[in-house]
Amino acid sequence: MNIILLGPPGAGKGTQAERLVASRGMVQLSTGDMLRAARKADTPLGHQVAAVMDSGALVSDEIVSALIDDKLTTMTEDQGAIFDGYPRTAAQAHSLDTILATHGRRLDRVVELEVDEDALVARIVGRFSCAKCGTNYHEKFHRPKVDGTCDVCGNHEFKRRPDDNEETVRTRMAEYRAKTAPIIPIYEARGILTRVDGMADIDHVSAAIAGVLDGK
Ligand code: AP5
Ligand code: MG
C-alpha cells in the first residue's frame, strides 16, 4: 500500500508516519528528513538547500522528486510507502504519478490531517527530537516517559530544528496554503482522499488513520 500523509507544518505527518512504520512495516519517505540528512552530512545538496529551508520556503520540485525516486529504488516490492511532506506542489503531484508508474506502484490513499492553524505554532515551537535516533517529542503533548531519556534508544541528548521558530513557521504555513492545499482537489477528484481530524490526541489520530487504511 502506498499512501500520502498531507497536512500543514505541525499537522502530525511525521508523528503518524513513525507509528505506521512501527505498526505496519511501511517505509517513511519524508523529503524534509532527507534534506536535513543531506545538510547534516555536509553534501553539496545540503549546502544548496540550507538557506531556502531556513527561510521556510520550498526547495525546487526537481530536487525533491529526485530524492523520492532514489529512495523508491532502494525499496522492495512488498514495502509500502508513506509519502510525508511530498508532494507539496502540483508539479510534484504530477511527478509522483510518473515516478510511481516507473516503479510499478500506484497510490492507494491520501490522508489529509485537518488541523486548526492556530494550534500549529504551539506544536512546532514545542517540538524536539532525539539527537541519536530522531524520535520526535513535544514539550507538552508527547514527552519522553522518563524526562531527559529517549523512549526508543535511551539517549540523553535532544535537538531542535532550525526552522522551528514562530517567524519561519508563518512562512511555511503560507507556502502550504498557496502551493500545497491546491493539490488536495486532485486526489479528491480521484476518490482516494480521506480527511482525518488531526486535532484529536495522537493515539486517536493513529486509530483514525488505521481505520482508513483498513477500509473500516
Ligand atoms: P518538513 O520537514 O516536511 O516540515 P513540515 O511539512 O513543515 O512539517 P513538519 O515536519 O514541521 O510537521 P509534521 O506534520 O511532520 O508534524 P510532527 O509530526 O512533527 O519540511 C521542512 C522544509 O523542507 C520545508 O519548509 C521545505 O523548505 C523543505 N521541503 C521538504 N519537503 C519539500 C518538498 N516536497 N518540496 C519542497 N520543499 C520541501 O508534529 C509536530 C509536533 O506536534 C511534534 O512535536 C508532535 O509531537 C506534536 N504532535 C503531533 N501530533 C499531535 C497531536 N495530534 N496532538 C498534539 N501534538 C501533536
Ligand atoms: Mg515532519
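Scroll up to find the structure this text is about.
Residues numbered from 1 in each chain as written. Chains lettered and ligands numbered in written order. Predicted model: local features only at pLDDT ≥ 70, side-chain atom pairs only at ≥ 80, totals over all residues. Heavy atoms only, no water.

A. How the structure looks around the sheet that holds strand S4 (residues 109-114). Pairing is parallel in the open sheet, where 5 strands are placed in the order S2-S3-S1-S4-S8. Two strands close off the open sheet at either side, each with one partner strand: strand S2 (27-30) and strand S8 (193-197). Here the average twist between neighbouring strands, direction ignored, is 25°. Both S4 and S8 contribute to a ladder of 5 bridges, which runs parallel. Bridged to Val111 within S8 is Thr194. The strands that helix H2 (residues 31-40) touches are S2 and strand S3 (81-84); relative to S2, the one it contacts most, it runs at about 70°. (Pairing = 2+ DSSP bridges. Helix = DSSP H or I, 4+ residues; strand = E, 2+ residues; numbered from the N terminus. Axes fitted to C-alpha atoms, helices over the stretch in contact; angles between N-to-C directions. Contact = heavy atoms within 4.5 Å.)

B. View of the nonpolar core. If you look at the biggest cluster of nonpolar residues, it comprises 30 residues, and the most contacted ones within it are Leu29, Leu72, Phe83 and Tyr187. Excluding residues that lie within four positions of it along the chain, Tyr187 makes contacts with Ile4, Pro87, Ala93, Leu107, Val110, Ile192 and Leu193. Val111, Ile209, Val212 and Leu213 belong to the second-largest nonpolar core, a separate cluster that totals 14 residues. (Core = buried A, V, L, I, M, F, W, Y, C linked by side-chain atoms within 4.5 Å. Buried < 20%, exposed > 50% of the residue type's maximum accessible area, 1.4 Å probe, protein only.)

C. Geometry of the site of ligand 1. For ligand 1, the set of nearby residues contains 35 residues, the closest of which are Thr15, Ala57, Arg88, Arg127 and Arg172. Contact between ligand 1 and Gly10: an oxygen atom at 2.8 Å from a main-chain N or O atom of the residue. In this structure, an oxygen atom belonging to ligand 1 sits 2.6 Å away from a main-chain N or O atom of Ala57. At the level of elements, helix H1 (13-24), H2, strand S6 (136-138) and helix H9 (202-213) are the ones that each hand at least two residues to the shell around ligand 1. The element that contributes the greatest number of residues to the shell around ligand 1 is H2, accounting for 4 residues. (Near = heavy atom within 4 Å. Polar contact = N/O pair within 3.5 Å; in protein donor to acceptor, adjacent residues only side chain to side chain.)

D. Structural view of the environment of Thr15. Turning to its location among the elements, Thr15 is positioned in helix H1. Assessed through its relative accessible area of 24%, Thr15 is described here as partly exposed. Sequence spacing of Thr15 and Ala189 is 174 residues, and the spatial spacing of their C-alpha atoms is 27 Å.

E. Focus on unusual backbone geometry. Here the amide bond leading from Tyr86 into Pro87 is cis, since omega sits at -5°, within 30 degrees of zero. Position of Pro87 relative to the elements: it lies in the loop between S3 and helix H5 (90-102).

F. Seen up close, the pairing of S3. Residue alternation in S3 divides its side chains into two sets, Ala81 and Phe83 and Ile82 and Asp84, and both sets are buried. Two strands pair when backbone bridges link them, and strand S1 (residues 2-6) and S3 are joined in this way by 4 bridges, in the parallel orientation. Considered in S3, the bridge of Ile3 is made with Ile82. Bridging between S2 and S3 involves 4 bridges; their strand directions are parallel. Bridged to Leu29 within S3 is Phe83.

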